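Observations on chain architecture
What follows is the residue order along each chain.
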Protein chains: 2
Amino acid sequence: MSKITPRTLQGFDDRHGDEMVIRNYVKDVWEKIFQKFGYSAIETPSLEYCEILTGKYGEEEKLIYHFKDHGDRQVALRYDQTVPLARYVTQHRNLIAFPFKRYEISRVWRADAARKGRRREFYQCDIDIVGTESTMADAEILQVLYEGFKILGLPEHKILLNHRKLISGFVQSLKIPENKEIEVYRAIDKFDKVGILGVEKELKDRGVPQSAIPKIIEFISASEKNNKEMIDELEKLVKGNELGEKGIRELREILEICEFAEIPKETIIISPRLVRGLDYYTDAVFEVVLEGWPGSFAGGGRYAGLCSRFSNENINATGVAVGFEPLCMLIAERKMGPENISPADVFIVLFSNEMKKDVLDLAQKLRKAGLRVQIAYEASKLGKQFQYADKLKIPKVIIMGPDEKKEGICVVKDMGSGEQKEVALGEIVKLFALYR
Amino acid sequence: MSKITPRTLQGFDDRHGDEMVIRNYVKDVWEKIFQKFGYSAIETPSLEYCEILTGKYGEEEKLIYHFKDHGDRQVALRYDQTVPLARYVTQHRNLIAFPFKRYEISRVWRADAARKGRRREFYQCDIDIVGTESTMADAEILQVLYEGFKILGLPEHKILLNHRKLISGFVQSLKIPENKEIEVYRAIDKFDKVGILGVEKELKDRGVPQSAIPKIIEFISASEKNNKEMIDELEKLVKGNELGEKGIRELREILEICEFAEIPKETIIISPRLVRGLDYYTDAVFEVVLEGWPGSFAGGGRYAGLCSRFSNENINATGVAVGFEPLCMLIAERKMGPENISPADVFIVLFSNEMKKDVLDLAQKLRKAGLRVQIAYEASKLGKQFQYADKLKIPKVIIMGPDEKKEGICVVKDMGSGEQKEVALGEIVKLFALYR
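Residues numbered from 1 in each chain as written. Chains lettered and ligands numbered in written order. Predicted model: local features only at pLDDT ≥ 70, side-chain atom pairs only at ≥ 80, totals over all residues. Heavy atoms only, no water.

**Regarding the overall build of chain A**
Convention followed: We count a stretch as a helix when DSSP gives it H or I for four or more residues in a row; a strand needs E for two or more, and each element gets its number in order from the N terminus. Throughout, the Shrake-Rupley method with a 1.4 Å probe supplies accessible areas, and for residues the shown protein chains are the sole cover considered.
Secondary structure summary: chain A contains 15 helices and 16 strands in total. Accessible surface computed for chain A: about 18800 Å², of which carbon and sulfur atoms make up 49%.

Pasting the structure below:
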């Protein structure tokens with residue numbers, strides 16, 4: 001029979017080895033933090049009716065995987081976890097106690113041009129608080145981010161913070177036509193890619209009135225010494241505008257709550273040019289960045305119309321997507337993941353077939369003490385067994401032959417240093433408990 | 001704008017609330033056990049080239065979701081995790097140290113007729129040991145199953161055990177034509193559904209020689225007092241047949257190793273009529289059943305030709321699929337899951353806005369002590385805040401107003417009993433550490 005060439009689709013990768021260890025570690029860190037803050041896990045399906053997912057992502061919509069299923073229904077693989085959340089909240093409206101706090105860490109699919117760090121199947125890691133307008137909720141999202149990045153060993157991260165109503169109020173005060181407001185956002189949003197001159201050009205190209213442009217540039221260039229002065233400065237620019245003043249008020253509230261929550265002052269930075277591209281944000285917006293690394297490691301904000309596609313009810317939500325994929329890449333590149341990337345803490349050699357029972361006994365004792373234990377299945381040459389443990393990077397190997405058994409001992413070899421020592425069988429569990 | 005009706009596709013469900021808590025609990029139990037035995041996590045993609053997945057599942061193949069992607073490639077959502085494993089092992093052949101032990105707990109898709117307990121998107125929970133022929137590996141799979149079901153509170157489960165070579169040898173000794181051998185398996189496999197008379201009829205219908213049928217019925221009806229006697233009895237039936245004797249020898253080895261591993265004797269039952277429908281098993285086969293529950297809760301075995309579709313190399317594997325979905329249903333129905341199904345251990349009321357800092361401080365202290373803590377975002381009426389905590393089934397609520405703060409205390413309410421008590425703020429972490 002002719003053989004099929006084993007291969008994966010471009011942008012769809014097998015995850016294994018070190019990479020998988022790091023991915024599971026990063027996932028566990030966030031999952032534990034989300035749980036500590038009282039977020040519930042939910043899972044929405046991979047496939048949805050096509051019409052549920054489309055009509056929301058604009059240009060990007062062409063990246064949605066869609067097809068006709070066996071019942072001739074148009075179905076699609078989810079593009080993100082936010083539209084399914086909106087569908088979920090509306091559909092289960094009567095079961096949900098608001099504020100509803102959920103997390104979801106799962107796969108999404110986009111038929112994107114595959115390039116480094118951009119996969120067609122990847123994970124999103126989201127939390128949202130649905131059904132409250134309180135700035136306490138926005139501040140909690142920032143607190144969760146701060147705690148997470150700290151635990152991952154990235155306490156130097158910065159959380160950029162801005163408010164859509166602040167920009168909106170400012171733009172209104174410039175008497176820019178309402179339909180051009182979104183163009184201002186889109187132009188500002190390009191700052192990281194095109195710089196200040198680029199934004200100026202973008203504004204022109206997008207038909208923003210010439211008279212307003214220098215003022216917009218001044219607004220997004222504001223860079224005061226600290227957040228307090230920055231807000232005072234921005235406040236002057238929106239004085240008398242209701243929206244703008246609401247933005248300023250909420251930013252002050254969020255900063256105060258973050259201070260109460262003991263987030264270091266230098267972690268949060270008011271950034272008037274932070275827009276977050278997505279059109280649906282309406283209030284606070286935020287983003288996590290790391291000096292020396294391009295792009296962001298988390299992004300989110302508040303959106304008043306979460307469920308507007310499905311319902312007339314106005315449901316407010318605030319949330320964030322942690323950039324799971326770039327974060328895993330950074331942790332891998334900086335070697336900040338778990339030290340032991342092996343599938344086991346200890347490997348037990350099978351010296352000869354009559355040692356099977358002893359090996360199984362010892363393995364089980366060590367497992368009960370919390371260790372991850374692999375045993376040899378075949379009494380092959382010892383060298384071969386060591387080689388295997390070494391290839392898997394298992395840090396310790398236990399050898400026990402009939403002679404050792406008679407003496408009530410075994411030999412523990414440290415695979416890093418090569419050092420071997422004899423240990424009484426009665427002491428072995430205690431010894432390994434120290435390595436856990 | 002007209003609204004879209006929020007709904008899910010049939011067979012694709014949102015998972016949330018109690019159900020999600022139970023699913024995560026069952027997943028964690030297995031994941032931890034797999035890790036204790038030294039299995040590595042891998043993840044293969046959801047989408048594969050269609051030709052990778054097809055040509056293996058026979059009739060069932062029509063259930064595969066497949067479509068043309070944006071690059072006009074025929075792609076398919078994976079139907080199980082075993083064919084992708086075979087593809088993975090062949091593709092990464094040179095990176096893998098054998099024996100290769102992997103686990104994967106993830107989604108698969110089948111366009112099946114949706115009915116109770118049968119979803120179009122569901123989880124599979126698999127382990128496999130690839131690249132060894134040792135019966136130590138088969139026995140380890142049984143040990144993992146035993147440990148898992150025990151921890152889940154189902155120590156009464158039974159592991160049925162048989163050997164394909166035993167049946168094969170027996171069938172050969174009956175001089176049944178080679179092409180009818182598979183028909184014998186298929187007929188025996190129907191026993192649970194059709195009973196002994198049904199199997200007899202199946203054998204006839206499938207063209208198995210009339211002379212062999214009574215002997216086959218005798219073989220699958222064997223029910224000796226214990227495994228030792230059963231194997232002795234079966235041994236007589238295959239005496240002199242090489243395959244059959246190999247089956248007997250391996251069954252004895254596996255039973256001996258399971259005894260060494262202290263699996264209770266009554267847990268494993270030699271069952272000559274266990275076939276496991278899938279055609280690819282070649283040696284030991286096994287299945288976990290629970291008295292009083294239809295179907296099986298795990299099934300697996302050894303297959304010599306894991307990678308035969310992709311390579312000429314003969315790669316042996318043994319493994320099991322835990323029935324994640326039926327197991328979750330059973331745990332839910334018997335209420336054997338975690339007691340606290342709430343998203344938090346404690347809820348802290350916001351008495352008034354000036355208490356924000358105190359609430360945030362206390363919440364963070366409790367989180368550091370390992371508790372899952374939700375706080376109120378709005379200083380609404382206390383009754384409303386209690387109602388919310390109650391709806392989420394959070395077991396304890398903490399109330400702290402300015403008066404309590406002055407006295408250095410807070411009030412802890414047990415939501416089950418309604419009992420309230422005053423606790424010194426300095427003692428609260430210690431008190432809650434007891435509830436963990």
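**Focus on the packing of aromatic side chains**
We count it as follows: Only Phe, Tyr and Trp rings take part, Trp by its six-membered ring, and two of them pair if their centres are within 6.5 Å. Stacked means planes under 30 degrees apart, edge-to-face means over 60, and tilted covers everything else. The buried label goes to any residue with under 20% of its type's maximum accessible area, the exposed label to any with over 50%, and the partly exposed label to all in between, with areas taken from a 1.4 Å probe on protein chains only. Counting as a charge over the ring demands two things of the Lys NZ or Arg CZ atom: a distance within 6 Å of the ring centre and an angle within 35 degrees of the ring normal.
A complete count under the given rule lists 27 aromatic pairs over all chains for this structure. With 6.4 Å between their ring centres and 70° between their planes, phenylalanine 67 of chain A and tyrosine 65 of chain B make a pair best called edge-to-face. Placement of the pair is phenylalanine 67 of chain A in strand S3 (residues 66–68) and tyrosine 65 of chain B in the loop between helix H2 (50–53) and strand S3 (66–68), with the two residues belonging to separate chains. Taken individually, phenylalanine 67 of chain A and tyrosine 65 of chain B each receive the classification buried, so the pair is uniform in this respect. Residues tyrosine 280 of chain B and tyrosine 281 of chain B carry aromatic rings whose centres are separated by 5.2 Å and whose planes lie at 50° to one another, so their mutual orientation is tilted. For tyrosine 280 of chain B, a relative accessible area of 23% puts it in the partly exposed group. The positively charged end of arginine 164 of chain A is found above the aromatic ring belonging to tyrosine 185 of chain A, 4.7 Å away from the centroid. The ring of phenylalanine 386 of chain B has lysine 413 of chain B sitting right over it, with the charged end atom 4.6 Å from the ring centre.

**Here's the deal with the sheet that holds strand S11 (residues 317–322) of chain A**
Residue and element names in this part refer to chain A. To be explicit about the condition: Paired strands are those between which DSSP finds at least two bridges.
Taken in spatial order, the eight strands of this open sheet run S1-S5-S6-S11-S10-S9-S7-S8, and their pairing is mixed. The open sheet has two edge strands with one neighbour each: strand S1 (40–41) and strand S8 (268–270). Where strand S5 (residues 100–109) and strand S6 (residues 121–130) come together, 10 bridges link them in antiparallel fashion. Note that in S6 the partner of isoleucine 105 across the bridge is cysteine 125.

**Quick notes on the sheet that holds strand S1 (residues 40–41) of chain B**
Residue and element names in this part refer to chain B. Pairing in this open sheet of eight strands is mixed, and the strands run S1-S5-S6-S11-S10-S9-S7-S8 from one edge to the other. Strand pairing shows two members of the sheet lacking a second neighbour, S1 and strand S8 (268–270), which therefore form its edges. Sheet topology note: the strand S7 (residues 158–163)/S8 ladder contains three bridges and is parallel. Among the inter-strand pairings, leucine 160 is bridged to a residue of S8, identified as isoleucine 269.

**Thoughts on the pairing of S11 of chain A**
Residues and elements named next belong to chain A. Extensive coverage of S11 is indicated by the burial of five of its six residues. In this structure, S6 lies alongside S11, joined through six bridges in antiparallel fashion. Its bridge partner being in S11, aspartate 128 is matched across the sheet by glycine 319. Sheet topology places strand S10 (residues 298–303) next to S11; six bridges connect them, and they run antiparallel. When the bridges of S11 are listed, glycine 299 appears paired with alanine 321.

**With respect to the relation of the copies chain A and chain B**
Which entries qualify depends on this criterion: What sets the superposition is a least-squares fit of C-alpha atoms, and only residues with pLDDT of at least 70 in both copies go into it.
Between the two copies, chain A and chain B, the superposition gives an RMSD of 0.0 Å; the rotation angle is 180° and the shift along the axis is 0.0 Å. The symmetry that links the two subunits is that of a two-fold axis. The C-alpha atom lying nearest the rotation axis in chain A is that of phenylalanine 67 of chain A; the distance is 3.1 Å.

**Some words on the domain arrangement of chain A**
Spelled out, the test is: Domain delimitation follows an automatic or database domain assignment.
On domain assignment, one finds that chain A holds domain 1 (17–333) and domain 2 (346–433). Taking the mean C-alpha position of each, domain 1 of chain A and domain 2 of chain A sit 51 Å from one another.

**Section: the pairing of strand S15 (residues 409–414) of chain A**
Residue and element names in this part refer to chain A. Counted residue by residue, S15 has five buried out of six residues, so it is predominantly covered. As defined by bridge partners, strand S14 (residues 396–399) adjoins S15 across four bridges and the pair is classed as antiparallel. Its bridge partner lying in S15, isoleucine 399 is registered against valine 411. In the sheet, S15 pairs with strand S16 (residues 420–424) via five bridges, with the strands oriented antiparallel. The residue of S16 that forms the bridge with cysteine 410 is valine 423.

**Let's talk about the packing of helix H5 (residues 164–173) of chain A against helix H10 (residues 242–260) of chain A**
Residue and element names in this part refer to chain A. The test is simple: Axes, fitted as lines to C-alpha atoms, cover a helix only where it is in contact. Angles between the N-to-C directions of the axes lie from 0 to 180 degrees. For classification purposes, an angle smaller than 35 degrees is called roughly parallel, one larger than 145 roughly antiparallel, one from 65 to 115 roughly perpendicular, and anything else oblique. A crossing counts as left-handed when the near helix is turned anticlockwise from the far one by less than a right angle, and as right-handed when that turn is clockwise. The criterion used for residue contact is that any of the two residues' heavy atoms lie within 4.5 Å. Classification convention: Asp, Glu, Lys, Arg as charged; Ala, Val, Leu, Ile, Met, Phe, Trp, Tyr, Cys, Pro as nonpolar; all other residues, Gly among them, as polar.
Contact geometry for H5 and H10: axes closest at 7 Å, N-to-C directions at 155°. The angle between the axes of H5 and H10 places the two elements in the roughly antiparallel class. Note on packing geometry: the crossing formed by H5 with H10 is left-handed. Contact residues: Lys165, Leu166, Ser168, Gly169 and Gln172 in H5; Leu243, Gly244, Lys246, Gly247, Ile248 and Leu251 in H10. Residues of the contact of H5 with H10, tallied by class, amount to four nonpolar, five polar and two charged.

**Notes on the environment of tyrosine 49 of chain A**
Mapped onto the elements of the fold, tyrosine 49 of chain A is located in strand S2 (residues 47–49). Using a relative accessible area of 18% as the deciding quantity, one classes tyrosine 49 of chain A as buried. Along the sequence, tyrosine 49 of chain A and leucine 174 of chain A sit 125 residues apart, while their C-alpha atoms lie 43 Å from each other. Beyond its immediate sequence surroundings of up to four residues, tyrosine 49 of chain A is in contact with Arg73 and Gln74 of chain A together with Arg7, Thr8 and Leu9 of chain B.

**Describing the interface of chain A and chain B**
Cut-off, in case you're wondering: Buried area is a sum: the accessible area each of two parts loses on coming together, probed at 1.4 Å, counted once for each and added. Whenever a carboxyl oxygen of Asp or Glu lies within 4 Å of a side-chain nitrogen of Lys or Arg, that contact is scored as a salt bridge.
With 103 residues of chain A at the interface, the matching set in chain B holds 103 residues. Around 9000 Å² of area is buried between chain A and chain B when both sides are counted, 56% of it from carbon and sulfur atoms. Sorting the residues of chain A by area buried against chain B places Leu9, Glu43 and Tyr377 of chain A first, and these three jointly supply 10% of that buried surface. Here aspartate 14 of chain A ties to arginine 87 of chain B by a salt bridge, and the two come within 2.6 Å at their closest N and O atoms.

**With respect to unusual backbone geometry**
In this chain, phenylalanine 98 of chain A is followed by proline 99 of chain A through a cis amide linkage whose omega measures -5°. Take proline 99 of chain A: it is sitting in the loop between helix H3 (82–91) and S5. In the Ramachandran plot, aspartate 72 of chain B falls in the positive-phi region, its phi being about 65° despite a non-glycine side chain. When you line up the elements, aspartate 72 of chain B lands in the loop between S3 and strand S4 (74–77). In the Ramachandran plot, lysine 393 of chain B falls in the positive-phi region, its phi being about 60° despite a non-glycine side chain. Relative to the assigned elements, lysine 393 of chain B resides in the loop between helix H13 (382–391) and strand S14 (396–399). Residue class for lysine 393 of chain B comes out exposed when judged on its relative accessible area of 53%.

**Structural notes on the side chain of lysine 101 of chain A**
Selection rule: A 3.5 Å cut-off defines polar contacts: any pair of N or O atoms within that distance qualifies, except that in protein one atom must be a possible hydrogen donor and the other a possible acceptor, and neighbouring residues in sequence count only when both atoms are side-chain atoms.
Here lysine 101 of chain A shows up in strand S5. Residue classification places lysine 101 of chain A among the buried residues on the basis of a relative accessible area of 3%. In this structure the side chain of lysine 101 of chain A is engaged in a polar contact, spanning 2.6 Å, whose partner is the backbone oxygen of phenylalanine 37 of chain A. At 3.0 Å, the side chain of lysine 101 of chain A and the side chain of tyrosine 377 of chain B are in polar contact.

**Observations concerning helix H11 (residues 324–333) of chain B**
Residues and elements named next belong to chain B. Within H11, burial applies to Phe324, Glu325, Leu327, Cys328, Leu330 and Ile331. Against the buried residues of H11 lie helix H1 (17–36), strand S6 (121–130), helix H4 (135–151) and strand S11 (317–322). Of the residues one or two after H11, lysine 335 is the one with positive phi, at around 50°.

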